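What follows is each chain in one-letter form.
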Amino acid sequence: MARKSTKENKNIYQRTREALNLTREEASELLVTMSPERIEKIENERSMPHADEVLLMSDTYRHPSLCNYYCANQCTIGQQYVPEVKIKDLSQIVLETLASLNAVQKKKDRLVEITVDGKITGDELADFVNIQNELERISIAVETLQLWCERMLDTDMIDRAQYDACKKKSE
C-alpha cells in the first residue's frame, strides 16, 4: 500500500487528489494518459502541468477550479488576463454581485458622461478607472458563480440533465 505524504506545502493538484483519497497509482489509472511519475513531478513542482493535463485532472477529479487556478497562475497568457476565482458560498457570491451591480447602477450616468465623446480626458480618468474596477468585480463575481455552478454539477448537487434543459430553454 502507498504511504501518505507528509509534505507540508502541497500544491493544489496534490491536495485535490488526496482529498479524493487517491494514491498516485490510482489517480494514474483514472487519468489514463498520465503516469504516476508524471503526477509526482507535477505535484512536487519539478514539472509544470500542460493545459490538457489540467483539464483531464479537473474533469476526472470533478474539481473545475483546477482549470481556473492553472489559467490564473501557471499559464503565461492567463496570468495576464484571467483572475483567480475562489469558490465561495452561494449567498456570498450573490451579495457581492448585488453590491457591485448597485455601485455600477449609481455610476452609470457618469460612465455615459465620460464616454459620450469617445475620449477620456484627464479630469474623467479617475472616475473611469473607478467604474472599470467595479465592472471587474462584477466580472469576477460572475466567474465565481459559474465556477460554483460547475462544482455543484460535478458533485451532483445540481441535476445536470435538468440544468441543461433549463439552459436550452433560456437560449
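Residues numbered from 1 in each chain as written. Predicted model: local features only at pLDDT ≥ 70, side-chain atom pairs only at ≥ 80, totals over all residues. Heavy atoms only, no water.

Before going further, it helps to examine the packing of helix α7 (residues 90-115) against helix α8 (residues 122-154). It is the contact of α7 with α8, at a shortest axis distance of 8 Å, that shows an interaxial angle of 150°. Judged on the interaxial angle alone, α8 and α7 are roughly antiparallel. In the packing of α7 onto α8, the handedness of the crossing is left-handed. (Axes fitted to C-alpha atoms, helices over the stretch in contact; angles between N-to-C directions. Helix = DSSP H or I, 4+ residues; strand = E, 2+ residues; numbered from the N terminus. Parallel < 35°, antiparallel > 145°, perpendicular 65-115°, else oblique. Left-handed = near helix turned anticlockwise from the far one by under 90°.)

What follows covers empty space enclosed by the protein. Under the defined criterion, the tally for this structure stands at 1 cavity of 30 Å³ or more. As a volume, the largest cavity reaches approximately 30 Å³. Taken together, Asn 11, Tyr 13, Ile 42, Glu 45, Ser 47, Met 48, Pro 49 and Gln 74 form the lining of the largest cavity. Looking at the lining of the largest cavity residue by residue, the class counts come to 4 nonpolar, 3 polar and 1 charged. (1 Å grid on protein atoms, 1.4 Å probe; cavity = no way out; pocket = protein on both sides within 12 Å on 5 of 7 lines; lining within 4 Å. Points joined across faces, edges and corners; volume = space filled by probe spheres on them. Nonpolar A, V, L, I, M, F, W, Y, C, P; charged D, E, K, R; others polar.)

Counted according to the given criterion, the structure contains 13 salt bridges. Glu 43 serves as the salt-bridge partner of Arg 17, at 2.6 Å between the closest nitrogen and oxygen. Of this pair, Arg 17 sits in helix α1 (residues 12-19) while Glu 43 sits in helix α3 (residues 36-43), and the two are 26 residues apart along the sequence. In this structure, a network of salt bridges that share partners links the residues Lys 10, Arg 17, Glu 18, Arg 24 and Glu 43. (Salt bridge = Lys/Arg side-chain N within 4 Å of Asp/Glu carboxyl O.)

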